[in-house]
Amino acid sequence: MSAETLRIRGGRPLTGRVEVKGAKNLATKAMVAALLGETPSTLRDIPGISDVNVVRSLLEVHGVTVEEGDEPGSLRLDPSGAVTAHFEEIDAHAGASRIPILFCGPLLHLLGEALIPDLGGCRIGDRPINFHMDALRAFGAIVDKSYEGIRITAPDGLTGAEIELPYPSVGATEQVLLTAVKAKGVTELRNAAIEPEIMDLIAVLQKMGAIISYEPNRVILIEGVDELRGYDHRCIFDRNEAASWACAALATDGDIFVGGARQQEMLTFLNVFRKAGGWFDVREDGIQFRRGGSIKPVVVETDVHPGFMTDWQQPLIVALTQAEGTSVVHETVYENRLGFTDALNQMGADIVVHPDGIASSDRRVPRRALEQAAVINGPTPLHGADVEVPDLRGGYSYVIAALAAEGESIVRNVGIIRRGYEKFFTKLDALGADFDVIG
């Protein structure tokens, strides 16, 4: 899949309608949560992406029966036959996904053991798993490392704990939630992530019988219960994909209606989009995006929710290459997420990356040691080039840049984009993109 290449002829606005389904960052985690139930679960509005296929395969390797549900885009997950899998089986199905680590808590409750192979994922920065391992140890788990990976056991069961994350990590917050719901006693999680997808996962777990309360200042309390049942849940929409198509409309001077997008979960993005010269119209069934005139320079600082998401800055930077002035993007979440700008410079952009960030007196997001900053000088006409996709959001951004550029571009390794964008080629075609799939 990753060997796929696109030949793109740019210079045409993207216009039309696309639909977004459930969020990748909820669907895959809710599928794992099904392991906690004593009856089958049904998940709806699941996107048809490769990450979902990876999780389905991993569940099936562990003996979970996964079947198509009663409506398109739904799955029925029955964990009654769950068994321990081997390192080799998990590794073979996990591929580049980091999702296996979230199996730990549910598998410890169900089987008393969890095996985690070496973890992959997008090469956008160091994503250490120590937050996860420290949390599991706090619950009483024993973590043993070997050449094959990590073996985690809980011979005395799991007990609620007081946990404070050094950073509001989404993955670590999910780990604690999926583990604490059946641990004995109460778990207090401080400095938790509070993304909409986290809140939707809490809704899933509450439907299953969990007792979870969200308190001020990023504190989540979980009272462990002895038994959970299956759920029936419809995924929250994918705000990352919705923002990506909005940036595509801005970059190509197009007009895109994103069906299924909702305003509340995108407030921060919509503010920046408007400041950058974008126009949007919120409707009952989605949001329409286009330019409102010339593109304007902006200063953006990525942050955890409710800040500006790191996943949003890459497609936005493509549009900012056409802004009339200098924009600055401070990336504070991942230290390598601005490496994709090299290819944009190859296409004619003027982007300078400051590897140690830029100090500024009016910063609102606290500086982090790992942060970088990109200074984008515009407008600079983009032209076709031969580029290779580095990661999911960067790959989408390359495609949009190629569509906004004059001339022909070759974009390689586009299969990565299927990790997070359902029916990507079909949607591009519906919006009037001029491209061919090679290989």
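Since the model is a prediction, treat every value here as computed from it, not as a measurement. (Residues numbered from 1 in each chain as written. Predicted model: local features only at pLDDT ≥ 70, side-chain atom pairs only at ≥ 80, totals over all residues. Heavy atoms only, no water.)

1. Focus on the domain arrangement of the protein chain
Worth spelling out the cut-off: Domain borders in the structure are assigned automatically or taken from a domain database. Here the quantity called buried area is the accessible surface, traced with a 1.4 Å probe, that two parts lose on coming together, added over both. Salt bridge criterion: a side-chain nitrogen from Lys or Arg within 4 Å of a carboxyl oxygen from Asp or Glu. Here a polar contact is recorded for every N or O atom pair within 3.5 Å, except that within protein the pair must consist of a potential hydrogen donor and a potential acceptor, and residues adjacent in sequence are included only if both atoms are side-chain atoms. Amino acids outside the nonpolar list (Ala, Val, Leu, Ile, Met, Phe, Trp, Tyr, Cys, Pro) and the charged list (Asp, Glu, Lys, Arg) are all regarded as polar, and Gly is one of them.
Here the domain parsing of the protein chain yields domain 1 (5-20 + 237-438) and domain 2 (24-234). Put simply, the middle of domain 1 and the middle of domain 2, counted by C-alpha atoms, are 30 Å apart. With both chains or domains summed, domain 1 and domain 2 bury close to 1,900 Å², and 51% of this area falls on carbon and sulfur atoms. There are two salt bridges connecting domain 1 and domain 2. Here aspartate 51 and arginine 419 are joined by a salt bridge, their closest N and O atoms 2.9 Å apart. Connecting domain 1 to domain 2 are eight residue pairs in polar contact (both at pLDDT 80 or more). Tallied by class, the residues present in the side of domain 1 that touches domain 2 amount to six nonpolar, five polar and eleven charged.

2. Some words on the packing of helix H1 (residues 24-33) against helix H2 (residues 50-61)
For clarity, the threshold we go by: What counts as an axis is a line fitted to C-alpha atoms, over the stretch in contact for a helix, and the angles between N-to-C directions run from 0 to 180 degrees. A run of H or I in DSSP becomes a helix once it reaches four residues, and a run of E becomes a strand once it reaches two; helices and strands are each numbered from the N terminus. Here roughly perpendicular refers to angles of 65 to 115 degrees, roughly parallel to angles under 35, roughly antiparallel to angles over 145, and oblique to all remaining angles. In what follows, a contact means two residues having at least one pair of non-hydrogen atoms within 4.5 Å.
Taken N-terminus to C-terminus, the directions of H1 and H2 make an angle of 5 degrees; their axes are 10 Å apart at the nearest point. Overall, the two elements H1 and H2 adopt an arrangement that is roughly parallel. In this structure, H1 uses Lys24, Thr28, Met31 and Val32 to contact H2, whose residues at the interface are Asp51, Val52, Val55, Arg56 and Leu59.

3. Thoughts on the sheet that holds strand E14 (residues 255-259)
Applied cut-off: Between any two strands, at least two bridges found by DSSP are needed for them to pair.
If you trace the four strands from one edge of the open sheet to the other, you get E2-E14-E16-E15, paired in mixed fashion. Looking along the sheet, the strands with just one partner apiece sit at the ends: strand E2 (15-19) and strand E15 (278-283). Strand after strand, the sheet turns through a mean of 15 degrees between neighbouring axes, direction not considered. Along the sheet, helix H8 (residues 239-252) makes contact with E2, E14, E15 and strand E16 (286-291), crossing E16 at roughly 25 degrees. In this fold helix H9 (residues 267-275) packs onto E15 and E16, with an angle of close to 140 degrees to the strand it touches most, E15.

4. Considering the pattern of salt bridges
What counts, and what does not: We call a residue buried when its accessible area falls under 20% of the maximum for its residue type, exposed when it is over 50%, and partly exposed in between, using a 1.4 Å probe and counting protein chains only.
Tallied over the entire structure, the rule returns 35 salt bridges. Note that glutamate 422 is salt-bridged to lysine 21, the shortest N-O span being 3.5 Å. With glutamate 422 in the loop between strand E22 (408-412) and helix H13 (424-430) and lysine 21 in the loop between E2 and H1, the pair connects residues that are 401 residues apart, well separated along the chain. By relative accessible area, which is 7% here, glutamate 422 ends up buried. One salt bridge in this structure joins aspartate 51 and lysine 24, with 3.5 Å as the shortest N-O distance. A residue pair is termed long-range when its members are at least 10 positions apart, and aspartate 51 in helix H2 and lysine 24 in helix H1 qualify at 27 residues. Residue aspartate 51 is classed as buried on the basis of its relative accessible area, which comes to 8%. Among the charged side chains, a salt-bridge network with shared partners connects Arg7, Arg9, Arg12, Glu408, Asp434 and Asp436.

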